[in-house]
Amino acid sequence: MNERTLPDFKRVVLKVGSSLIAPDGQGCSTRFLLDIARLIQHWWRQGKAVVLVSSGSVAAGRDRLPQVQPAIQRALSGKQALAAIGQSLLMTHWQRLFDRPCAQVLLTRQDLQRRRRFLNARATLEQLLAWQTLPIVNENDTVAVDELKLGDNDNLAAHVAVLSDADLLVILSDVDGLYDRHPDQPGAQLLADVSTIDDKLRAGAGDASTQVGTGGMKTKLQAAQVAMDAGIDTLIVNGRNPDALLALESGFCPGTRFHASRQPLSARKHWLLHTQQSAGQLQVDAGAEAALRKGASLLPCGITAVDGDFRRGDRVDILSPSGLLLATGISQYDAPELHRICGQNTDKIADILGYLYSEEAVHRDDLVLT
Ligand code: GLU
């Protein structure tokens, strides 16, 4: 095992996937959780704060209703109902392993998108950590339909790391880390350190997922990117391997370490890129592309096409002349307004619309190059 020193940290988000909680596909097992609980207790003794992100509610619910047909179990409403049954079993299961109180925190994407909800969730987590409890976070599966969902707990864990101001994210999985190609292929090498997640890495990772969990390496890479962009280191570690957990306990880094960006995005730009969902697209000409790459705002005259039914204040993706994603930003105008002013010089906007919100279609302060 590759052992390197862990980065110094005070607050860690630990994500435990369904394949560790329900290694047989259903129920809650202690097979791997006893060692994980020992790791958490060790971190507590060192004065570190821990937030746990735990999957497993659907698998726990499935165990209680074995008579339900597989097709119904797989349907969205079936999974939501199983999560409702399993969530309390999951919490009870974790609580048995700790003397400190465990606190259930269920979140959806909307809780992270809306500023007031985000701040409320953040304040609650702060209070729970100040009281030395163990917050256990899961997606609020019962209410989250697709557009409200983050969809997988790898991404949820990364957003919780941002929400709770953590300085380390550890994703425990049933693989040793990220490999340069599928781990079953001959010659596959474990990547110990990753500083940039590029297309090659993404292609090598594929999206193989376990039968029990939702994610695979693809969602782990997305999660690592969210954390890295916020200045948070991410580790992928095999939670089935007691030696890997012992290495973590001793301050070493088994598995893969994704290094935090040296220039993290501002909170506003991070929220824009990773939390907001895009409501439309603007295609731009070559002149606008060059200007955006130099850090300029997007003016209506550089826009060649407008797509989607977005409103002023919504996130829009900005595409290059060849259709590649170039940037993302907040639109200063509704889509019908941009249809009327795209390709026009700034001094014409007020004449065409009868008013001028802004000279820019997307201001550079509200824009992130991708
Ligand atoms: N929220 C789901 C559950 O508790 C798991 C999602 C995931 O595994 O990523 O079963």
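One numbering rule holds for all chains: residues counted from 1, following each sequence as written. Local features are withheld for residues below a pLDDT of 70 in this predicted model, meaning they are given only at 70 or higher, and side-chain atom pairs are given and counted only at 80 or more; totals for whole chains, interfaces and linings count all residues. Heavy atoms from the whole structure form the basis of all side-chain values; hydrogens and water molecules are not counted.

(A) Spatial organisation of the side chain of aspartate 152. Looking at the secondary structure, you find aspartate 152 in the loop between strand E5 (134-139) and helix H8 (153-163). Burial here depends on accessible area, computed with a 1.4 Å probe over protein chains only, as a share of the maximum for the residue type. Under 20% is buried, over 50% is exposed, and the range in between is partly exposed. Here Asp and Glu are counted as negative and Lys and Arg as positive; His is not counted, and neither are the chain ends. We define a salt bridge as a contact between a side-chain nitrogen of Lys or Arg and a carboxyl oxygen of Asp or Glu at a distance within 4 Å. Buried within the structure, aspartate 152 lacks any salt-bridge partner; lysine 15 is the closest side chain of opposite charge, at an N-O distance of 6.6 Å. A distance of 2.8 Å separates a polar atom in the side chain of aspartate 152 from the backbone nitrogen of asparagine 155. For the purposes of this entry, the term helix denotes a DSSP run of H or I that reaches at least four residues, the term strand denotes a run of E that reaches at least two, and both are numbered from the N terminus. Any N or O atom pair separated by 3.5 Å or less is treated as a polar contact, with the protein-specific requirement of one donor-capable and one acceptor-capable atom, and with residues adjacent in sequence counted only for side-chain atom pairs.

(B) Here's a closer look at the nonpolar core. Residue types Ala, Val, Leu, Ile, Met, Phe, Trp, Tyr and Cys, when buried and joined through side-chain atoms within 4.5 Å, form a set referred to as a nonpolar core. Ranked by size, the top nonpolar core spans 39 residues in total, and within it Val13, Leu169 and Phe258 carry the most contacts. Elements with a minimum of two residues in this core: strand E3 (49-54), strand E4 (102-107), helix H7 (115-130), H8, strand E6 (168-173), helix H9 (199-205) and helix H10 (217-229). When residues in this core are grouped by element, the largest group, 7 residues, is from H10. In terms of nonpolar packing, the next biggest core, distinct from the first, is built from 34 residues, Leu6, Leu39, Leu90 and Leu248 among them.

(C) Inspection of the site of the ligand at higher detail. Close to the ligand lie 11 residues; Ser57, Val58, Asn138, Asp141 and Asn153 are nearest. Serine 55 is positioned with one of its side-chain polar atoms (N or O) 3.3 Å from an oxygen atom of the ligand. Within the side chain of asparagine 138, a nitrogen or oxygen atom sits 2.8 Å from an oxygen atom of the ligand. Only the protein chains shown count as covering a residue, and every accessible area follows the Shrake-Rupley method with a 1.4 Å probe. For the ligand, the protein covers 94% of the area, taking 300 Å² as the surface of the free molecule. When at least one non-hydrogen atom of a residue lies within 4 Å of a molecule or strand, that residue is treated as near it.

(D) A look at the sheet that holds strand E12 (residues 303-308). In this description, strands pair whenever DSSP reports at least two bridges between them. Spatially, 5 strands are ordered E12-E11-E13-E14-E15 in an open sheet, and the strand pairing comes out mixed. Single-partner strands in this sheet number two, and they are E12 and strand E15 (367-369). Strand after strand, the sheet turns through a mean of 25° between neighbouring axes, direction not considered. Convention adopted: a line fitted to C-alpha atoms gives each axis, helices being fitted over their contacting stretch, and angles between N-to-C directions are expressed from 0 to 180 degrees.

(E) Structural context of the sheet that holds strand E10 (residues 256-258). The sheet built from 8 strands is open, its strands ordered E4-E5-E3-E2-E6-E8-E10-E7 with mixed pairing. Since the sheet does not close on itself, it has two edges, and those belong to E4 and strand E7 (193-194), each with one partner. In the sheet, E3 pairs with E5 via 2 bridges, with the strands oriented parallel. Its bridge partner lying in E5, leucine 52 is registered against isoleucine 136.

(F) The arrangement of the packing of aromatic side chains in detail. The aromatic pairing rule takes the rings of Phe, Tyr and Trp, using the six-membered ring of Trp, and pairs them if the centres are within 6.5 Å, calling planes under 30 degrees apart stacked, those over 60 edge-to-face and the rest tilted. Applying the stated criterion across every chain yields a total of 5 aromatic pairs. Here the aromatic rings of tyrosine 333 and tyrosine 357 are separated by 5.4 Å at their centres, their planes lie at 40°, and the arrangement is tilted. With tyrosine 333 in the loop between strand E14 (325-330) and helix H14 (335-341) and tyrosine 357 in the loop between helix H15 (349-353) and E15, the pair connects residues that are 24 residues apart, well separated along the chain. An aromatic cluster is built from Trp44, Trp94 and Phe98, whose rings are joined through pairwise contacts. Here, a charge over a ring is recorded when the distance from Lys NZ or Arg CZ to the ring centre is within 6 Å and its angle to the ring normal is within 35 degrees. Here the guanidinium or amino end of lysine 48 rests over the ring plane of phenylalanine 9, the centre of that ring lying 4.4 Å away. Residue placement shows arginine 100 over the ring face of tryptophan 44; its charged tip is 4.1 Å from the ring centre.

(G) Region of interest: the confidence of the model for the protein. A residue's pLDDT is the predictor's confidence in that residue, given on a scale from 0 to 100. Model confidence for the protein is summarised by a mean pLDDT of 92, while 95% of its residues fall at 70 or above. Residue range residues 208-213 is modelled with pLDDT below 50. Its contacts to residues more than four positions away, or to other chains, number 16 contacts. Residues are treated as being in contact if the distance between any of their heavy atoms lies within 4.5 Å.

(H) Examining the layout of surface pockets more closely. In this analysis a 1.4 Å probe is tested at points of a 1 Å grid over the protein atoms alone, and where it fits but cannot get out there is a cavity; an open set with protein on both sides within 12 Å along at least five of seven lines is a pocket; lining residues have an atom within 4 Å of a point. Grid points are joined across faces, edges and corners, and a volume is the space filled by probe spheres set on the points. Each pocket or cavity is described by its volume, and for the second largest pocket that value is around 740 Å³. In terms of lining residues, the second largest pocket is bounded by 21 residues, among which Arg202, Gln222, Gln225, Leu273 and His274 are the most central. Of all the secondary-structure elements, those providing two or more residues to the lining of the second largest pocket are H8, H10 and helix H12 (267-275). When residues in the lining of the second largest pocket are grouped by element, the largest group, 6 residues, is from H10. Residue type decides the class: Asp, Glu, Lys and Arg count as charged, Ala, Val, Leu, Ile, Met, Phe, Trp, Tyr, Cys and Pro as nonpolar, and the leftover types, Gly among them, as polar. Residues that form the lining of the second largest pocket fall into these classes: 7 nonpolar, 9 polar and 5 charged.

(I) Representation of helix H13 (residues 286-293) in the model. Burial in H13 covers these residues: Ala288, Glu289 and Leu292. The arc that holds the buried residues of H13, viewed along the axis, is 105°, so those residues lie on one side. Every exposed residue of H13 that faces more than 90 degrees away from the buried side is listed here: Ala286, Gly287 and Arg293. Buried-residue contacts for H13 involve strand E11 (278-284), strand E13 (315-319), E14 and E15. Looking at the residues trailing H13, positive phi occurs at glycine 295, about 100°. Taking the helix axis as origin, the arc is that swept by the directions to the C-beta atoms.

(J) Quick peek at unusual backbone geometry. Positive phi values are uncommon outside glycine, yet glutamine 132 reaches one of about 60°. By the element assignment, glutamine 132 lies in the loop between H7 and E5. Classification of glutamine 132 by relative accessible area gives partly exposed; the value is 47%. Positive phi, close to 60°, is recorded for aspartate 165, a residue that is not glycine. Along the chain, aspartate 165 falls in the loop between H8 and E6. With relative accessibility at 56%, the residue aspartate 165 sits in the exposed group.

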